Every structure is written in structure tokens, then in C-alpha cells.
Amino acid sequence: MLMDIGPWGGGFGLDVILTLLFLLFAVHGASFDGASANPTVSVQEFLLLESSLAATAAKLLAQGVGTGTGWAVTKLFWSWELTQFHFIQNLISSECSSSIHTSLLHAALVEGTCSFLFHLVLLKSQQSHPIYRVPARAATVTFLTYTAGSFTGAFFNPALATATTFHCSGNSFWDYVQVYWLGPLAGMFAALLLYQGNIPRLFKRNLLYSQKSKYKIPKVKVTVHEDGDEPKRKRKGGKSNPEPRA
């Protein structure tokens, strides 16, 4: 909402908008660390063998119901028109237009690229301390939202896009599916394959990185002596016996 009407509706500059976005995502990451409202994250956990099929299906259902309920409650809250922002948003929400402001191929590529970069950061920061993980993810989402927002809205979240844009005029249902579902899922697959080298749920073989053993086997040098020759041994700290003189 701030990206759309903030500059002219309330006089907020870009610095204020980006700061609020960063703080929003940082608070979400710090307070709900481990939980996700993004279906691509749930599918990623399933592909990494971190979640069963039943648990993944339950997560996807909960995410769909949650985003739909959240959007309905938000529109109800706007209808009260408690602030100028709510008044303006209530006027434009009744007849919304598509968030896709470019060609379908470019829009799907934008959403896929955002999802690709987001999931790379997600995978890379899994084992990091929360003091580093939370701001890194918040900064990534803020940067992607600012960079790609003018093209597609930069959702890279199929559930959120379905609840907020699929009912808008300007594009067909299949257009929205290509951009906001297939694009982010393809980006997630690409990020997982690049990071892991394989998709554990689908195949074990690593296609990108060779598996080297971390244990080194020492090399033993074998000396082959000819028949009749005795290897000369030298005692530690002693001298070899000289041959008797004639």
C-alpha cells in the first residue's frame, strides 16, 4: 500500500517506505522465525525431505486460508476509513487493476528471479545466527520488492498474490498462474538445484558438485627389491657394521 500511494497520499519519501518495509520483515522474521506464509518455502522443505507430504499439504492449505482471511479482514479494516490511507485504499480496492505492467514472459521471469534470489539467501542463511539471518532476509525482501515492484508487485509468494491480485481485471486467471505460481516455483527449483546440486526428494545424484571424501587415505610407498638383495637397515642412533678387511 505504501509503495502505491505513499509518495502522493501521505508525502512519504522512498527512504521512509523502504525503512518501514525492512522493519516489517525484520519483526516478522524475529517473532515468527521458522514459520512461513509462502507456499514455495513449504514446497522447498518437502523437496529437502524436511517435511512429509501430509504436513506439506496442511501447510499449503493453512497458507491459502490464512492469506484469504487476512485479505478479507484488511478490506474490512479499510472500509472503516480511520485514516486518509484507508480512505484512498478503500476507493481503489473495489476496482483494482492487474499488478502486471510488462509482458507475461518478462513478468514470469521477474517473479522467478526474485524467488530464486530469495531462496538462495534462505538456504545460505539457514545455519546462521538469528542476529545475522533476520536482517539479511529482511534486506533481501526489501531490495527485491523495491527493484521489481514496478513490474509485477514483487510478490514471489503465490498465496499472497492469489488473495490480492487474481480477482483484479487486466489479465486472465491463467496469466496470473504463469506469473505468480509457475514463476516463483521455477525460481525455487533453480535455487535449490544450484545450492544442493540435486533435489533430494526427486533424485540423489549430485549433478553439479562432485562428492569428495573428507578423510584422506595416506599414500604408502612400496619399494620392490630384486631377488638376492637385502635391504640395508640402520639402527636408530647406531652405525652400520663395516665389512671385515682382508
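Above this text sits the structure in question.
Quick caveat: nothing in here was measured; it's all calculated off a predicted structure. Every chain begins its residue count from 1, and numbering advances along the sequence as written. Totals for whole chains, interfaces and linings use all residues, but because this is a predicted model, local features are given only for residues with pLDDT of at least 70 and pairs of side-chain atoms are given and counted only at 80 or more. Values reported for side chains reflect all heavy atoms of the structure, with hydrogen atoms and water molecules removed beforehand.

Asker: Run through the overall build of the chain, naming residues and quoting values.
Answerer: Put simply, DSSP marks the helices as runs of H or I at least four residues long and the strands as runs of E at least two long, and each gets a number from the N terminus on. Summing up its helical and strand segments, the chain has nine helices and zero strands in all. The order of α-helices and β-strands along the chain, N terminus first, is α-α-α-α-α-α-α-α-α. Across the 246 residues that make up the chain, the buried fraction comes to 33%. Here, residues are in contact when the closest pair of their heavy atoms is within 4.5 Å. Considering only contacts within the chain whose residues lie at least 6 apart along the sequence, 66% involve residues at least 24 apart. The accessible surface values rely on the Shrake-Rupley method and a 1.4 Å probe; as for residues, cover is taken only from the protein chains in view. Surface summary for the chain: the accessible area is close to 16500 Å², and the carbon and sulfur share equals 63%. Residue burial is assigned from relative accessible area. The probe radius is 1.4 Å, only protein chains are included, and a residue is buried under 20% of its type maximum, exposed over 50%, and partly exposed in between.

Asker: How would you summarise helix 7 (residues 130-152) if you had to cite specific residues and measurements?
Answerer: The sharpest bend along helix 7 reaches about 40 degrees and sits at Tyr 146. Regarding helix 7, the residues found buried are Arg 133, Val 134, Ala 138, Thr 140, Val 141, Thr 142, Leu 144, Thr 145, Ala 148 and Thr 152. Just past helix 7, the residue Gly 153 takes up positive phi, approximately 90 degrees. A residue's bend is simply the angle between two axes: one fitted to the seven residues ending at it, one to the seven starting at it.

Asker: Lay out helix 4 (residues 53-79) in plain terms, naming residues and giving numbers.
Answerer: Its 27 residues place the ends of helix 4 39 Å apart at the C-alpha level, agreeing with the 39 Å of an ideal helix rising 1.5 Å per residue. Turning to helix 4, its buried residues number three or more, namely Thr 56, Gln 63, Thr 67 and Trp 78. Where the residues of helix 4 are buried, they touch helix 3 (39-47), helix 5 (84-93) and helix 8 (158-165). Phi turns positive, to about 55 degrees, at Glu 81, one or two residues after helix 4. A helix's residues, less one, multiplied by 1.5 Å, set its expected span.

Asker: Tell me about the packing of aromatic side chains, and please be specific about residues and values.
Answerer: Any two rings among Phe, Tyr and Trp, with Trp reduced to its six-membered ring, count as a pair given centres within 6.5 Å; such a pair is stacked if its planes are under 30 degrees apart, edge-to-face if over 60, and tilted if neither. The full count for this structure, using the stated rule, is seven aromatic pairs. When the centroid spacing of 5.5 Å and the interplanar angle of 85 degrees are considered together, the rings of Phe 155 and Tyr 180 count as edge-to-face. Of this pair, Phe 155 sits in the loop between helix 7 and helix 8 while Tyr 180 sits in helix 9 (residues 173-196), placing them 25 residues apart in sequence. Like Phe 155, the residue Tyr 180 is buried in the burial classification.

Asker: So what's going on with the state of the cysteines? Which residues, and what values?
Answerer: When the sulfur atoms of two cysteines share a covalent bond, that bond is a disulfide. When the sulfur atoms of two cysteines come within 2.5 Å, that pair is taken as a disulfide. Using the criterion set out here, one finds one disulfide in the structure. Bridging Cys 96 to Cys 168, the disulfide has an S-S length of 2.0 Å. In this structure, the disulfide formed by Cys 96 and Cys 168 twists by about -110 degrees around the S-S bond and is classed as left-handed. Within this pair, whereas Cys 96 is found in the loop between helix 5 and helix 6 (104-124), its partner Cys 168 is found in the loop between helix 8 and helix 9, the two being separated by 72 residues in sequence.

Asker: Report on the pattern of salt bridges, specifying residues and quantitative values.
Answerer: A side-chain nitrogen of Lys or Arg and a carboxyl oxygen of Asp or Glu constitute a salt bridge if their distance falls within 4 Å. Within this structure, the stated rule accounts for one salt bridge. Residue Glu 45 is joined to Lys 59 by a salt bridge in which the shortest nitrogen-to-oxygen separation is 2.7 Å. With Glu 45 in helix 3 and Lys 59 in helix 4, the pair connects residues that are 14 residues apart, well separated along the chain. Residue class for Lys 59 comes out partly exposed when judged on its relative accessible area of 33%.

Asker: Describe unusual backbone geometry, and please don't skip the residues or the numbers.
Answerer: Even without being glycine, Leu 49 reaches a positive phi, approximately 65 degrees. With respect to the helices and strands, the residue Leu 49 is situated in the loop between helix 3 and helix 4.

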